[in-house]
Amino acid sequence: SENLFALLRLLKRVIIKAQKKLLLLVDEAESLIAVVENDKGLLGKLRSVMQDATFARTILCGSRRLSEVSQIELVGSDFLDGFEPVLFVSSFNDGDADALIAQSHTGGWLHIPEEMAAEIKEKANCHPYLIQSICLYLYDHELDLPKACDYVMQQGMAEKAFADDFRYLSPIEKEILMRIY
């Protein structure tokens, strides 16, 4: 861990000298829970680096389990204190789903027939993970739409996505869903 922080100090000096900012994207940030189990002090040092606005802007991405990281107290404050409010990604609206289906994030838009896009959105209920999974098999593995959807369902990807969503709901959210179901 000392090598990591030495590297970060060097990086900070170089970035400040170049009058730039580091965009630090931490994906699956809920894995920080494991860091705390091994070394709570290390997590405090990481937070200091991630919140150092002189050279970095940090974005934490993760599942709802990330809220457990928030409850970790470090020298008088919770880990996520000082970060922007947590935002959860839920199902996309039609426009955002269409943009993901058309792969707009790649810099170019694929031309996807409207009927196909509508079917993908219906099958995935506009859930970004499922849209992404279906499109992976549709575009990269060149399966037709029914086969891509079947493959995603057979691999348990939908089940896993919704199980993760359910697992990280608050107790009251789970109770409401169970009563409706």
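This is a predicted model, so every value here is computed, not measured.

**Student:** How should the nonpolar core be read in this particular structure?
**Tutor:** Nonpolar side chains in soluble globular proteins tend to be buried together. One finds Leu32, Met50, Leu60 and Phe79 to be the most contacted residues of the largest nonpolar core, which totals 21 residues. Going through the elements one at a time, α1 (2-17), β1 (22-26), α2 (32-38), α3 (40-50), β2 (56-60) and α4 (66-70) are the ones with two or more residues in this core. Per element, the largest residue contribution to this core is five residues, and it comes from α3. Residues Ala117, Ala124, Cys135 and Val152 belong to the second largest nonpolar core, which totals 18 residues.

**Student:** In this structure, what is going on with the pattern of salt bridges? I would like to understand it.
**Tutor:** Where charged atoms from two side chains of opposite charge approach closely, those side chains can pair. Per the stated rule, a full pass over the model turns up four salt bridges. The closest approach of N and O atoms between lysine 121 and aspartate 94, which form a salt bridge, is 3.8 Å. Of this pair, lysine 121 sits in helix α6 (residues 114-124) while aspartate 94 sits in helix α5 (residues 94-101), and the two are 27 residues apart along the sequence. Among the residues examined, lysine 121 registers a relative accessible area of 13% and is labelled buried. Assessed through its relative accessible area of 48%, aspartate 94 is described here as partly exposed. One salt-bridge network, in which partners are shared between bridges, spans Asp94, Asp98 and Lys121.

Basis of the calculations
- Residues numbered from 1 in each chain as written.
- Predicted model: local features only at pLDDT ≥ 70, side-chain atom pairs only at ≥ 80, totals over all residues.
- Heavy atoms only, no water.
- Core = buried A, V, L, I, M, F, W, Y, C linked by side-chain atoms within 4.5 Å.
- Buried < 20%, exposed > 50% of the residue type's maximum accessible area, 1.4 Å probe, protein only.
- Helix = DSSP H or I, 4+ residues; strand = E, 2+ residues; numbered from the N terminus.
- Salt bridge = Lys/Arg side-chain N within 4 Å of Asp/Glu carboxyl O.

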